[in-house]
Amino acid sequence: MIAKTPPMGFNTWNTFGKDINEQMIKESADAIVANKLLEAGYEYLVIDDCWSEKERDPVTKKIIPDRTKFPNGMKAVSDYVHSKGLKFGMYSCAGLRTCADYPGSFDHEYLDAETFAEYGCDFLKYDFCFKPESANGPHLYRRMGMALRACGREILFSACNWGCDNVPEWIRSAGAHMWRSTGDIFDNFESFKNIALSQAGKLGYSAPYCFNDMDMLTVGMYGNGNVGSAGCNDAEYRTQFALWCLFGSPLMLGCDVRNMNDVTKKLVTNKRLLKINQDPEARPAFLAGKHPWYDGRNVYMKLLSTGEFALGVFNLTETNGIVPMMFHEIGLPSDAGYSVELIDAFSGETVGIFRDYHNPEIEKHDCAVYIAKLVKD
Ligand code: GLA
């Protein structure tokens, strides 16, 4: 059984786009291990779009790996990734062509699932471009879901239809383990803020074995690479990672894992943040208060299976200032005889014990995240 908790790994798309090859995949696998990312839980190395030749083999109808990018074929790449203790992921599309115009799996689902199994694939991201108008989207995901179950290998099914067709309502029944709920992320503050704020009604659909995927992280990209855009600063990356953790999204790194700085490594391997993301009960976060004057000064709370709870305090606005965190919003009336003890999730330091409220000053685009528990007065 896979995906009991949100899947974690690395995906090539955000940084490398079409510039992928055997060498950089091997180097990335090495770096994931050397940087202790595997130890932290990042176990899937996923090759996204642009890995194949432009046309299927005319005789076998199989998709052929690009002969220049992957001269030794895909099994050799997969064997190397496995030799490092990682799991190997690949990409295809429910339509006739992939989003970058390579062969899609439409009408070839069973053959392709068998091919992925031959490669030793453990994860399939399944996109939605070039879907024929006449074809039914949910049916196509069911078809690949069935093909994967028949292929003789346990393959994590990562659906990527960008939130279309009311996906949270049916995708779990199609066998997927994660499902993209939004359009593509770009490496700038507005992009990830809008993704996060669009999740309000969808978090309750995310649960063990099938998670709401808010897209690959741009943390640590600093504007470089395929979805580079304007880039973010460290406060913004902290905020992005905290939102993905609190909202229980899969955590797929999108930066160049061979060249991560210490700030990025420390952030994405933070044990307390990962504990929030990976909590086995996978309870959804909820909006536990927002500032009456500004949209975007938000507090989110997530119950943890340990009896603790996580509180995230976000200043998504353009001005520095307090973000009010009123404990009546989380179910603690005044004079109940309890206060809230807060530990800073980033540093691990105890912040203090607070009665009724705590209103931290948060700079624009930054956040604070706490592991909290109730203590008797
Ligand atoms: C779509 C997906 C992206 C990426 C590209 C590849 O845009 O949403 O995540 O896979 O296709 O072409």
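Undergrad: Give me the state of the cysteines: which residues, what numbers.
TA: The full count for this structure, using the stated rule, is one disulfide. What pairs with C99 in a disulfide is C129, and their sulfur atoms sit 2.1 Å apart. Residues C99 and C129 share a disulfide whose torsion about the S-S bond is about 100 degrees; that sign makes it right-handed. Here C99, found in the loop between β3 (87-93) and α5 (109-119), pairs with C129, found in the loop between β4 (123-127) and α6 (137-150); they are 30 residues apart in sequence, far enough to count as distant. Of all cysteine sulfurs in the structure, the one in C151 sits closest to C121, which takes part in no disulfide; the separation is 8.5 Å. Assessed through its relative accessible area of 0%, C121 is described here as buried. The thiol of C367 is not disulfide-bonded; the next cysteine sulfur, from C245, is found 10 Å away. A residue is classified by how much of its surface remains accessible, and C367, at 7% relative accessible area, is buried.

Undergrad: A description of the pairing of strand β14 (residues 338-344) should follow, citing residues and the corresponding values.
TA: Where β14 meets strand β18 (residues 367-376), seven bridges bridge the pair, whose relative direction is antiparallel. What sits directly across from L342, in β18, is A372. Of the pairings in the sheet, the one linking β14 to strand β15 (residues 350-354) comprises four bridges and is antiparallel in character. Bridge pairing in β15 places I343 opposite T350. Taking the residues that link successive antiparallel strands as the turn, the β14-β15 hairpin has five residues, and the phi of G348 there is positive, at about 85 degrees.

Undergrad: Tell me what's going on with the environment of G17, and back it up with residues and numbers.
TA: Inspection of the secondary structure assignment puts G17 in the loop between α1 (13-16) and α2 (22-34). Remark: the alpha-carbon pair of G17 and D49, spanning 32 residues in sequence, is separated by 7.3 Å. Beyond its immediate stretch of four places on either side in the chain, G17 contacts T12, D49 and N226.

Rules used in this analysis
- Residues numbered from 1 in each chain as written.
- Predicted model: local features only at pLDDT ≥ 70, side-chain atom pairs only at ≥ 80, totals over all residues.
- Heavy atoms only, no water.
- Disulfide = S-S within 2.5 Å.
- Helix = DSSP H or I, 4+ residues; strand = E, 2+ residues; numbered from the N terminus.
- Buried < 20%, exposed > 50% of the residue type's maximum accessible area, 1.4 Å probe, protein only.
- Pairing = 2+ DSSP bridges.
- Contact = heavy atoms within 4.5 Å.

Fair warning: the whole summary comes from geometry, so function is off the table for now.
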